[in-house]
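# Structural description and commentary
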Amino acid sequence: MQRLTNKRIILGITGGIAAYKSAELVRLYKKAGADVRVVMTAAAMEFITPLTLQALSGNMVHSSLLDPEAEAGMGHIELARWADILVVAPATADFIARLHSGMANDLLTTLCLATNAPIYVAPAMNQAMWRAPQTQHNVAQLTQQIPKTTFWGPDAGEQACGDIGPGRMMEAQAIANLTANTFSKKLLCGKTVHITAGPTREALDPVRYISNHSSGKMGYAIASAAQEAGAKVKLISGPVNLPCPDKVSRVMVESAEQMLEAVLSELDQCDIFIGCAAVADFKPSSIATNKIKKGADHTMSLLLVKNPDIIARVAQQPNKPFTVGFAAETQNLLEHARAKLSSKNLDLIAANDVGNSEIGFNSDANALTLISAHQQLDLAQTSKTRLAQQLIEHIAHLMP
């Protein structure tokens, strides 16, 4: 079930008595870490209320194709694009017939036509309706002609009407397990990863600040790689001109103090911490209230004080997460990296030569040397995207 972490699931509910099982299915999806959006047909709302599904999913329930509020927020096309998977449970004979015919006369059938996500259908109906030639024809045609459509069930047994036979909707736990199995196993499934990225800015006055050349590209690439590996990712970012990676929670900060505060927040929920940000080592001892004016002697003196060592603070925690640091150096790269690994109590450090213009700040490429207590691994120059994937793979293998 950990494979459902961060997955985007649309659960379609049609009008059958088995709709009561859908509430449990939503609960199971949410418990596994999925983001669930429920879409109900008009008939479904006669069996179970939207309020119940909204409370369980934590999201507004969608039901109307022409809902002005839905169109202003997440319209049907955006909802179709949003989904990783679309599950219809229960699926009535009527819905299956309309799906086979390519109809789009309500929100759910419209989504089925508009989405590129795979569609999984869990039938629920009277045994005679399931055995009817028309239903069997519709199911066979959908399976053969639309590869993205798969049927789960139905189960056989006693039905609400008293009949016994095939047509029961599968149990919620079985559907949840099947849903999880549609996603390949990921290296960091069930893990929570916090990553810092980008520079910090230390204010001199309301106009000026001290900073560095970090673009944040490496940290953002790592956030994407961790998310793709199945982790729940929190990205704590200094000021950069980069979009937030998909399915990643981002907290924007300015100064080192703000970054430290964001890092310590929810740190007890973190399994892996990766400190990739280029945090300013020093900050002005005081910030001028007004813009500093040029003096007559053409010089200005600044008194700087040390900023907090964020990654050292993380590694000092009693139940510290697996802690990965970065050593951005211009000389004596490996020597300085090993010293930081030991002095800051890190589990792994990634050393990179920022003095090399081909792989330094703002570059789209990089090269790293990964150093742990008993191992050193050189990652050759490649794109930061690929390098981030290699780093995440290495971290996953080192995890206890």
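Residues numbered from 1 in each chain as written. Predicted model: local features only at pLDDT ≥ 70, side-chain atom pairs only at ≥ 80, totals over all residues. Heavy atoms only, no water.

## A look at the environment of S343
The test is simple: Counting from the N terminus, the helices are the DSSP runs of H or I reaching at least four residues and the strands are the DSSP runs of E reaching at least two. Think of it in three bands: residues with accessible area under 20% of the maximum for their type are buried, residues over 50% are exposed, and the middle band is partly exposed, with areas taken using a 1.4 Å probe on protein chains only.
Positionally, S343 belongs in helix α13 (residues 333–343). Looking at S343, the relative accessible area reads 60%, which means it is exposed. In this structure, the C-alpha to C-alpha distance between S343 and P308, residues 35 residues apart in sequence, is 15 Å.

## Some details on the packing of aromatic side chains
Our working definition: Aromatic pairing here means that ring centres of Phe, Tyr or Trp (its six-membered ring) are within 6.5 Å. Orientation follows from the plane angle: under 30 degrees is stacked, over 60 is edge-to-face, and everything else is tilted. For a Lys NZ or an Arg CZ to count as sitting over a ring, it must be within 6 Å of the ring centre and within 35 degrees of the ring normal.
On inspection of all chains with the given rule, the structure shows 1 aromatic pair. Geometrically, the ring pair formed by Y120 and W152 is stacked, given 4.5 Å between the ring centres and 20° between the ring planes. Taken together, the residues Y120 in strand β4 (residues 119–123) and W152 in the loop between β5 (149–151) and β6 (155–158) connect sequence positions 32 residues apart. The same class applies to Y120 and to W152, which are both buried. One residue, R37, lies across the ring of W82, its end atom 4.6 Å from the ring centre.

## Let's talk about the state of the cysteines
As a reminder of what qualifies: Cysteine sulfur atoms are paired as a disulfide whenever they come within 2.5 Å of each other.
All chains considered together, the criterion is met by 0 disulfides. Left without a disulfide partner, C244 is nearest to the cysteine sulfur of C276, which lies 15 Å away. Of the residues examined, C244 reaches a relative accessible area of 30% and is grouped as partly exposed.

## Details of the nonpolar core
The nonpolar side chains of a soluble globular protein tend to be buried, and buried together. Applied cut-off: Residues belong to a common nonpolar core when they are buried Ala, Val, Leu, Ile, Met, Phe, Trp, Tyr or Cys residues joined through side-chain atoms within 4.5 Å.
Residues I195, I222, I274, F326 and I395 are the most contacted members of the largest nonpolar core, which totals 35 residues. Among the nonpolar cores identified, the runner-up in size contains 34 residues, and A18, A32, W152 and A172 belong to it.

## Side note on the layout of surface pockets
Rule in force here: A cavity here means a set of points on a 1 Å grid, drawn over the protein atoms and nothing else, where a 1.4 Å probe fits but cannot get out; a pocket is an open set with protein on both sides within 12 Å along at least five of seven lines, and a residue lines either one if it has an atom within 4 Å of a point. Grid points are joined across faces, edges and corners, and a volume is the space filled by probe spheres set on the points. Residues were grouped as follows: Ala, Val, Leu, Ile, Met, Phe, Trp, Tyr, Cys and Pro as nonpolar; Asp, Glu, Lys and Arg as charged; and all remaining residues, including Gly, as polar.
Approximately 960 Å³ is the volume found for the largest pocket. Taken together, 41 residues make up the lining of the largest pocket; nearest its centre are A277, A278, V279, D281 and F326. Secondary structure elements with two or more residues in the lining of the largest pocket: α10 (217–228), β13 (272–275), α12 (310–315), β16 (322–329) and β17 (348–353). Considering only residue class, the lining of the largest pocket consists of 20 nonpolar, 14 polar and 7 charged. Looking at the second largest pocket, its volume works out to about 430 Å³. When contributions to the lining of the second largest pocket are tallied by element, the ones reaching two or more residues are β8 (192–197) and β11 (232–237).

## A short note on the sheet that holds strand β1 (residues 8–13)
Worth spelling out the cut-off: Any two strands are treated as partners once DSSP identifies two or more bridges connecting them. For helices, the fitted axis covers only the stretch in contact; all axes are lines through C-alpha atoms, and the angles between them, taken along N-to-C directions, range from 0 to 180 degrees.
Taken together, the 5 strands give an open sheet; going across it, the order is β2-β1-β3-β4-β5, and neighbouring strands pair in parallel fashion. Each end of this open sheet is capped by a strand with a single partner; those strands are β2 (35–40) and β5. Direction aside, the axes of adjacent strands within the sheet are offset by 20° on average. The sheet contact formed by β1 and strand β3 (residues 85–91) spans 4 bridges and is parallel.

## Section: unusual backbone geometry
For residues other than glycine, phi is negative in most cases, and the peptide bonds are mostly trans. Look at the link from A89 to P90: it is a cis peptide, with omega at 5°. By the element assignment, P90 lies in strand β3. With an omega of 10°, the peptide bond between G153 and P154 qualifies as cis. Mapped onto the secondary structure, P154 falls in the loop between β5 and β6. The backbone of E266 sits at a positive phi, close to 70°, despite the residue not being glycine. In this fold, E266 is placed in the loop between α11 (256–264) and β13. Here N345, not a glycine, exhibits a phi torsion of approximately 60°, which is positive. Secondary-structure assignment places N345 in the loop between α13 and β17. According to the relative accessible area criterion, N345 is partly exposed, its value standing at 41%.

## Re the sheet that holds β16
Definition in use: Contacts are residue-level and defined by heavy atoms, with any inter-residue pair within 4.5 Å sufficient.
A sheet is described by the order of its strands in space; here 8 strands give the open sequence β12-β11-β8-β13-β16-β17-β18-β19, paired in mixed fashion. One side of each edge strand has no neighbouring strand; the edge strands of this open sheet are β12 (249–252) and β19 (375–383). Each strand axis lies, on average, 15° off the axis of its neighbour in the sheet, ignoring direction. Its contacts with the sheet put helix α14 (residues 384–398) on β13, β16, β17, β18 (365–372) and β19, and the angle it makes with β19 is roughly 155°.

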